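Observations on the model geometry
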Amino acid sequence: NVRGFTFSVIHKMEGKWSGTAVHTGVDLFQHRQEPHACSSKLFFDASQQTWVEKQLFTNKIGMSNSRTFHYIPQSNATLYAEADDPEFMEDTIMKIEELGSNVLVLTAVNATTGQVVVTETITCSADFHSRVRTVQRFDSFGELYGIIICKEKKVLDIETGALTPFP
């Protein structure tokens, strides 16, 4: 129970994740970039009663792109997101919904135009040790221009230790 709301998925995704991301254009077989390393860390900030996710994408020559999201509970199984990424800071409303027992869906909408600019589906394995993220990106006119697919595994190390249940 966070801010009076219940969640059944997001807390199970807490921890470190690492894997590979592939970026493509609209045509899956053209404009495909080399795979990138992707990693993220999701944790609960008890003082703010929010979840925080730090994401990092690194290409094969070592250039990285990072961003931080704050997931703010709004109702049962629903959160709103804020990001430090300029792409999402102005006029973008991001909503996350839990579906079933192992799926999160993020939808980002341009508040001015009403156009969807990003959709992301995160589907976890039943044991929450692996997941697939699919991201669809749209331009300001609502036309699909890019797809990102990430395959990740949960990292268990000295820092994360064993998985512990959410209180």
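Keep in mind that this is a model prediction, so the values were computed, not measured. As a convention, each chain's residues are numbered from 1 in the sequence order in which they are written. In view of the model being predicted, local features appear only for residues whose pLDDT reaches at least 70, and side-chain atom pairs are presented and counted only at 80 or more, with totals across whole chains, interfaces and linings using the full set of residues. Only hydrogens and water are set aside; all other atoms, that is, all heavy atoms of the structure, feed into the side-chain values.

Moving on, we get to the sheet that holds strand β4 (residues 64-75). Spatial ordering of the closed barrel is given by β1-β2-β3-β4-β5-β6-β7-β8-β9-β10, a layout of ten strands whose pairing is antiparallel. The average angle at which neighbouring strand axes cross in this sheet is 25 degrees, direction not considered. The criterion for strand pairing is that DSSP finds at least two bridges linking the strands in question. The numbering of helices and of strands both runs from the N terminus, where a helix is a DSSP run of H or I of at least 4 residues and a strand a run of E of at least 2. Here an angle of 0 to 180 degrees is reported between the N-to-C directions of two axes, which are lines fitted to C-alpha atoms, with helices fitted over the stretch in contact.

Joining through side-chain atoms within 4.5 Å is the link that ties buried Ala, Val, Leu, Ile, Met, Phe, Trp, Tyr and Cys residues into a set, and such a set is a nonpolar core. Only protein chains enter the area calculation, which uses a 1.4 Å probe; residues under 20% of their type maximum are buried, those over 50% are exposed, and those in between are partly exposed. With 30 residues, the main nonpolar core has Ile 10, Met 13, Trp 51 and Tyr 71 as its most contacted residues. Element by element, the count of residues in this core is highest for strand β8 (residues 116-124), at four residues.

Once that is clear, we can look at empty space enclosed by the protein. Buried and open spaces are told apart on a 1 Å grid over the protein atoms alone, a cavity being a set of points where a 1.4 Å probe fits but cannot get out and a pocket being an open set with protein on both sides within 12 Å along at least five of seven lines. Residues with an atom within 4 Å of a point are the lining residues. Grid points are joined across faces, edges and corners, and a volume is the space filled by probe spheres set on the points. Tallied over the entire structure, the rule returns one cavity of 30 Å³ or more. Taken as a whole, the largest cavity holds about 330 Å³ of empty space. Along the walls of the largest cavity sit 29 residues, with Glu 53, Gln 55, Phe 69, Glu 120 and Arg 133 positioned nearest its centre. Taken together, the residues that form the lining of the largest cavity break down as 19 nonpolar, three polar and seven charged. By the convention adopted, Pro, Cys, Tyr, Trp, Phe, Met, Ile, Leu, Val and Ala count as nonpolar, Lys, Arg, Asp and Glu as charged, and the other residues, Gly among them, as polar.

Right, let's talk about the state of the cysteines for a bit. Where two cysteines share a covalent bond between their sulfur atoms, that bond is called a disulfide. Disulfides are defined as cysteine sulfur pairs within 2.5 Å. Here the structure, examined in full by the defined rule, presents zero disulfides. Take Cys 38: it sits in no disulfide, and the sulfur closest to it among the cysteines is that of Cys 150, at 4.2 Å. Under the relative-accessibility criterion, Cys 38 is labelled buried at 3%.

Residue placement: Phe 69 occurs in strand β4. C-alpha separation for the pair Phe 69 and Val 52, spaced 17 residues apart in sequence, amounts to 5.7 Å. We call two residues contacting when some pair of their heavy atoms lies within 4.5 Å. Beyond its immediate chain neighbours, meaning those up to four positions away, Phe 69 contacts Trp 51, Val 52, Glu 53, Gln 55, Glu 82, Ala 83, Phe 88 and Met 94.

Quick look at the packing of aromatic side chains now. When two rings of Phe, Tyr or Trp (its six-membered ring) have centres within 6.5 Å they constitute a pair, described as stacked for plane angles under 30 degrees, edge-to-face for angles over 60, and tilted for the intermediate range. Scanning the model with the defined rule gives three aromatic pairs in all. Their ring planes at 75 degrees and their centres at 5.4 Å tell us that Phe 7 and Trp 51 sit as a pair that is edge-to-face. Of this pair, Phe 7 sits in the segment before β1 (15-24) while Trp 51 sits in strand β3 (residues 50-58); the two residues are 44 residues apart in sequence, bridging distant segments of the chain. Overall, the relative accessible area of 11% leaves Phe 7 in the buried class. Feature note: the residues Phe 7, Phe 44 and Trp 51 constitute an aromatic cluster, connected by ring pairs. By definition, being over a ring means that NZ of Lys or CZ of Arg is both within 6 Å of the ring centre and within 35 degrees of the ring normal. The ring of Trp 17 carries the charged tip of Arg 131 above its face, separated from the ring centre by 4.1 Å.

Empty pockets left among the atoms are what a rolling probe the size of a water molecule brings to light. Of the volumes computed, that of the second largest pocket is approximately 210 Å³. Looking at the second largest pocket, it is lined by 14 residues, and the ones nearest its centre are His 23, His 36, Phe 57, Asn 65 and Ile 148. Secondary structure elements with two or more residues in the lining of the second largest pocket: β1, β4 and β10 (144-155). Grouping the constituent residues of the lining of the second largest pocket by class yields five nonpolar, seven polar and two charged.

None of the figures reported here should be taken as evidence of function without further support.
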